[in-house]
Amino acid sequence: VAGFHQAPLAGLAMRVVFLVYLIGVICGITYVSVIGLAHH
Amino acid sequence: MRRLVREQSLTLFFGLIFLAALAGQAIAGHIAYNQEQTAHGGSAVSLGRYLTSSDFGEAVMENWQSEYLQFMLFMLATVWLLQRGSPESKELDQAGRESKADQKLEYAAEEDSPAWARTGGVRTALYSNSLLILMTLIFVGSWFAQSVTGWTEFNQTQRDHHEAAISWLSYLGSADFWEHTLENWQSEFLAVGSFAAFTIFLRQRGSPESKPVGAPDEATGVEG
């Protein structure tokens, strides 16, 4: 029963980890590209 | 909750030490930047100003691009290239993209296979290479970010020396850009090549990056 309740949460946690890394990397690259271009 | 954290502990651990290292880099970089500024008769800048400078951005991105290139190339190369005795290599008769049955694709998909592994066509082709596509996009994006921040830095130095600024395309052909690029690539390539070689004869008990301690040196593509 415990496993049944935890399965959706475990799936959600995997998705959160994936999205945090993906969005973090995209934001980092965008931020540095913008500050690099902003000085021109 | 504790179980949820334990099941994500690898990414949480690396995420946290990434943030700590980035903060340390920002602080040390700020101090070094201001030392350089004052040594050349300039004025010191605030930490906030340093964090929006191309000096900081380039230092971060030149390392990001090389890391993503390393993973991307390693993933691509290990589809076809082998290393006898290394758990990082596939088994010696498995080189190549493998059959649909081996990869559980289309007719060979299983009940719990992702939908795009089952459908065939463009979606399955895309999904079959999605990790490589993402790593390549991040590599190209961070290399671009390195190039524009490096270009800004380069032109700032040119102006300080009363020399003409150059275009972004000219900067891409400059020794400065390629030095910042290749100094990172060489270390990544060495680390990957030496790691694959070291895993032939050495072991780390419990690590999936190593063979089991008792596996023979000849064992290839066997993970712990």
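Sequence order sets the numbering: in each chain, residues are counted from 1 along the sequence as written. Whichever chain is written first is A, and whichever ligand is written first is 1; the rest continue in order. Only residues with pLDDT of 70 or above have their local features reported here, since the model is predicted, and side-chain atom pairs are shown and tallied only from 80 upward, although totals for entire chains, interfaces and linings are computed over all residues. Neither water nor hydrogens contribute to the side-chain values; these are computed over all heavy atoms in the structure.

Structural notes on the overall build of chain A
If you tally the helices and strands in chain A, you get one helix and zero strands. Accessible area is worked out with a 1.4 Å probe on protein chains only. A residue is then buried under 20% of its type maximum, exposed over 50%, and partly exposed in between. A total of 40 residues make up chain A; the buried ones form 28% of that total. Note on conventions: DSSP H or I runs of at least 4 residues are helices, E runs of at least 2 residues are strands, and numbering of each starts at the N terminus.

Some points on helix H2 (residues 9–39) of chain B
Residue and element names in this part refer to chain B. Every helix has an expected span of 1.5 Å times one less than the residues it contains. With 31 residues, H2 ought to run about 45 Å at 1.5 Å a step, and its terminal C-alpha atoms sit 44 Å apart, in line with that. Among all positions of H2, only Gly 15, Ala 26, Gly 29, His 30 and Asn 34 are buried. Two residues or fewer past H2, Gly 41 is found with a positive phi of approximately 80 degrees.

So, the side chain of Glu 188 of chain B
All names here are of chain B. Tracing the backbone shows Glu 188 in helix H9 (residues 175–201). No salt bridge is formed by the buried Glu 188; its nearest oppositely charged neighbour, Lys 90, is found at 22 Å. In protein, a polar contact means a hydrogen-donor-capable atom and an acceptor-capable atom, both N or O and within 3.5 Å, with residues adjacent in sequence counting only if both atoms are side-chain atoms; elsewhere, any N or O pair within 3.5 Å suffices. A polar side-chain atom of Glu 188 sits 3.3 Å from a polar atom in the side chain of Gln 70. Residues scored as positive are Lys and Arg, those scored as negative are Asp and Glu, and His as well as the terminal groups of each chain are ignored. Take a side-chain nitrogen of Lys or Arg and a carboxyl oxygen of Asp or Glu: if they are within 4 Å of each other, that pair is a salt bridge.

As for the packing of aromatic side chains
Residues and elements named next belong to chain B. To pair, rings of Phe, Tyr and Trp, with the six-membered ring standing in for Trp, must have centres within 6.5 Å; the planes then decide the type, stacked if under 30 degrees apart, edge-to-face if over 60, and tilted in the middle. Tallied over the full model, the rule gives 15 aromatic pairs over all chains. Measuring from centroid to centroid gives 5.8 Å for Trp 143 and Phe 177, while their planes differ by 20 degrees, and the two rings are stacked. On the criterion of sequence distance, the pair formed by Trp 143 in helix H7 (residues 130–160) and Phe 177 in helix H9 is long-range, its members being 34 residues apart. Among the residues examined, Phe 177 registers a relative accessible area of 3% and is labelled buried. Between Trp 178 and Trp 185, the ring centres sit 6.2 Å apart and the planes meet at 85 degrees, which makes this aromatic pair edge-to-face. Ring pairs connect the aromatic residues Phe 139, Trp 143, Phe 154, Tyr 171, Phe 177, Trp 178, Trp 185 and Phe 189, which therefore count as one cluster.

A look at the interface of chain B and chain A
As a measure of interface size, the accessible area lost when the parts come together is often cited. Between chain B and chain A, the contact holds 26 residues from the first and 19 residues from the second. Here the buried area means the combined drop in accessible surface, using a 1.4 Å probe, for two parts upon being joined, counting both sides. Summing both partners gives a buried area of about 1800 Å² for chain B against chain A, and 73% of it is carried by carbon and sulfur. Here chain B and chain A share zero salt bridges between them. Elements that contribute at least two residues to the side of chain B that touches chain A include exactly helix H1 (2–7), H2, helix H4 (54–80) and H7 of chain B. Looking at the side of chain B that touches chain A residue by residue, the class counts come to 12 nonpolar, 12 polar and two charged. A contact between two residues is defined here by any heavy atoms of the two lying within 4.5 Å. Gly is put with the polar residues, along with every residue not named as nonpolar or charged; the nonpolar set is Ala, Val, Leu, Ile, Met, Phe, Trp, Tyr, Cys and Pro, and the charged set is Asp, Glu, Lys and Arg.

Here's the deal with unusual backbone geometry
All names here are of chain B. A positive phi is found at Glu 98, a non-glycine position, where the angle reads about 70 degrees. On the secondary structure map, Glu 98 appears in the loop between H4 and helix H5 (115–118). Looking at Glu 98, the relative accessible area reads 31%, which means it is partly exposed.

What to know about the confidence of the model for chain B
Residues and elements named next belong to chain B. For chain B, the average pLDDT comes to 96, and 100% of its residues sit at 70 or higher. Confidence scores differ between elements of chain B, with H1 showing the lowest mean pLDDT of 92 and helix H8 (residues 168–172) the highest of 98. Overall fold confidence (pTM) sits at 0.93, and the ipTM for the predicted complex is 0.91. The pLDDT value expresses, per residue, how confident the predictor is, ranging between 0 and 100.

Quick look at the nonpolar core
In globular proteins that are soluble, nonpolar side chains generally tend to be buried together. Residues enter a nonpolar core if they are buried and are Ala, Val, Leu, Ile, Met, Phe, Trp, Tyr or Cys, with the set joined through side-chain atoms within 4.5 Å. The biggest cluster of nonpolar side chains holds 18 residues, and the ones touching the most others in it are Val 25 and Ile 29 of chain A together with Met 61, Trp 64, Tyr 68 and Phe 139 of chain B. Only helix H1 (2–38) of chain A together with H4 and H7 of chain B provide two or more residues apiece to this core. With seven residues, the single largest contributor to this core is H4 of chain B.

Some words on the environment of Ser 187 of chain B
All names here are of chain B. Structurally, the position occupied by Ser 187 is in helix H9. Overall, Ser 187 belongs to the partly exposed group, its relative accessible area being 32%. For Ser 187 and Glu 67, which are 120 residues apart along the polypeptide, the C-alpha to C-alpha distance reads 9.8 Å.

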